[in-house]
Amino acid sequence: MSASAPVRPGGRVPAGEPPPRGPRTPWRGLAGGVLLLVGVVLLPLGLAAVRARAELTETDGYVAAVAPLAGNAAVQEAVVGDVTDGVMAHVRLDGLLKAVPRAERPAVRRHFTRGIREYVTRQVRQVVTGRGFPAMWNGVHRTAHRTLDGSLTAPGRSAVTLDLTPVVERVRHQLSHNGVGLDLVRQVPRAGVQIVLLKAPDVPRVRAAYDLVHTGARLLPPAAALCLAGGLVLVRRRRRALIGAGAGCAAAAALLAVALALLRRRTLDALPAMVSRPAAGAYADALTDPLLTGVWLLIGAGALTAALAAGGPPAARALRARRLAARAAQVC
């Protein structure tokens, strides 16, 4: 019988006092604390794995995430530059320069190349900023994501590319209706322009990461839930455990947000010089915004749980007040 719960004659416990506790088992508190700590760590990791799996396996979700980028100015300029480069790579001026003296050909070539490039850029920009571009954009990314899914789930080392052929075909149509002096329409490649998203040698490494994410998304969330529930069952002071678990989940989610920000910056810094940083940043934000939303929700839920547990229900506060008054009376 605890010393804080004096027994009246007849074996009865005074009103308002908790029932006598059994013998303490220190291992339960230790095991409960370990389970709570593991659950706090696994919960944000499970959230990240679930979101990553959705990005890699759900084509509709991926397309919906990148669809707003069709109206992003930085992305549009990057597409204009890539398509223009692809078109200009096939423009030949040798026939036009035959009538020009050899010594003047370099200057004339630069002059005509600059003029043709400006003209092609205007035509490409009209296509990219036109009403039909969002549909082309979604179709291009849907095809690319299906190719990525096939490369990650099947053996082999097939590169994954973003095929801008629909955009190039629309540019060909635009040029054919604008009365171009040079025969640019026949020089525009029908094969289109492709942006390499995943090189063939990198496929095995990304496939291994994909398998790890797929397994983590399946195992981590239930493991986190079981650890948190088991820890709360084992510990004696559940209110204090709820405070710690809520605050721990909020802190772990905040660390995940910081890690995502650092990873974004390092990834952008490692990109080649020819890649547009604003466009790549817009891509990164579009793909990580749903995860960050979940992270902020987890931070809010953890903080709210800790706050509610710290306050406690009115009945619990009244019971604690009665206990303190009874102990003070015993001392007096």
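Keep in mind that this is a model prediction, so the values were computed, not measured.

Q: What should I look at first to understand the environment of Asn-138 in this one?
A: Structurally, Asn-138 can be placed in helix α6 (residues 133–153). Spatially, the C-alpha atom of Asn-138 lies 9.8 Å from that of Asp-60, the residues being 78 residues apart in sequence. Non-local contacts of Asn-138, meaning those with residues more than four positions away in its chain, are made with Val-63 and Ala-67.

Q: I would appreciate a short explanation of the confidence of the model for the chain in the present structure.
A: Caution applies to low-pLDDT regions: their predicted coordinates should not be interpreted in detail. Per-chain confidence: the chain averages 81 in pLDDT, with 79% of residues scoring 70 or above. When pLDDT is averaged over each element of the chain, helix α10 (residues 238–269) comes out on top at 92 and helix α12 (residues 314–331) at the bottom at 57. In the predicted structure, residues 1–5 sits below a pLDDT of 50 and forms seven contacts with residues beyond four places in sequence or in another chain.

Q: It is not clear to me how the environment of Val-40 should be interpreted in this structure. Could you clarify?
A: Looking at the secondary structure, you find Val-40 in helix α1 (residues 26–57). When its relative accessible area of 9% is taken as the criterion, Val-40 is described as buried. Sequence separation between Val-40 and Ala-245 is 205 residues; the distance between their C-alpha atoms is 6.5 Å. With sequence-adjacent residues up to four places away left out, Val-40 is seen in contact with Leu-228, Ala-245, Gly-248, Cys-249 and Ala-252.

Q: Help me understand the nonpolar core, please; the structure alone is not making it clear to me.
A: In a soluble, globular protein the nonpolar side chains are often hidden away together inside. Counting residues in hydrophobic clusters, the biggest one holds 34 residues, and the most contacted among them are Val-79, Val-83, Phe-133 and Trp-137. Elements that contribute at least two residues to this core include exactly α2 (59–66), α3 (73–88), α5 (105–128), α6, α7 (165–176) and α11 (277–311). Those residues in contact with Trp-137 that lie beyond four places of it in its chain are Val-66, Ala-67, Leu-69, Ala-70, Val-75, Val-79 and Tyr-283. In this structure, Leu-256, Ala-257, Leu-260 and Ile-299 belong to the second largest nonpolar core, which totals nine residues.

Q: Got a minute to help me understand α5 in this structure?
A: Owing to its 3.6 residues per turn, the α-helix brings residues three or four apart onto one side. Over its 24 residues, α5 extends 33 Å from the first C-alpha to the last, a length consistent with the 34 Å expected when each residue adds 1.5 Å. What α5 keeps buried is the set Val-108, Ile-116, Tyr-119, Val-120, Thr-121, Gln-123, Val-124, Val-127 and Val-128.

Q: What is the right way to look at the side chain of Thr-165 in this model?
A: Relative to the helices and strands, Thr-165 is located in helix α7. We classify Thr-165 as buried; its relative accessible area is 17%. A polar contact of 2.5 Å, which involves the side chain of Thr-165, links it to the side chain of Asp-163.

Q: When you look at the pairing of strand β1 (residues 160–163) in this model, what are you seeing that I'm missing?
A: Here is the key point about a regular strand: its side chains alternate between the two faces of the sheet. Only one face of β1 is covered, namely the one carrying Val-160 and Leu-162; the face carrying Thr-161 and Asp-163 has none of its residues buried. Alignment of β1 against strand β2 (residues 194–198), held across four bridges, turns out to be antiparallel. Bridge pairing links Leu-162 to Ile-195 in β2.

Cut-offs applied
- Residues numbered from 1 in each chain as written.
- Predicted model: local features only at pLDDT ≥ 70, side-chain atom pairs only at ≥ 80, totals over all residues.
- Heavy atoms only, no water.
- Helix = DSSP H or I, 4+ residues; strand = E, 2+ residues; numbered from the N terminus.
- Contact = heavy atoms within 4.5 Å.
- pLDDT = per-residue confidence, 0-100.
- Buried < 20%, exposed > 50% of the residue type's maximum accessible area, 1.4 Å probe, protein only.
- Core = buried A, V, L, I, M, F, W, Y, C linked by side-chain atoms within 4.5 Å.
- Expected span 1.5 Å × (residues − 1).
- Polar contact = N/O pair within 3.5 Å; in protein donor to acceptor, adjacent residues only side chain to side chain.
- Pairing = 2+ DSSP bridges.

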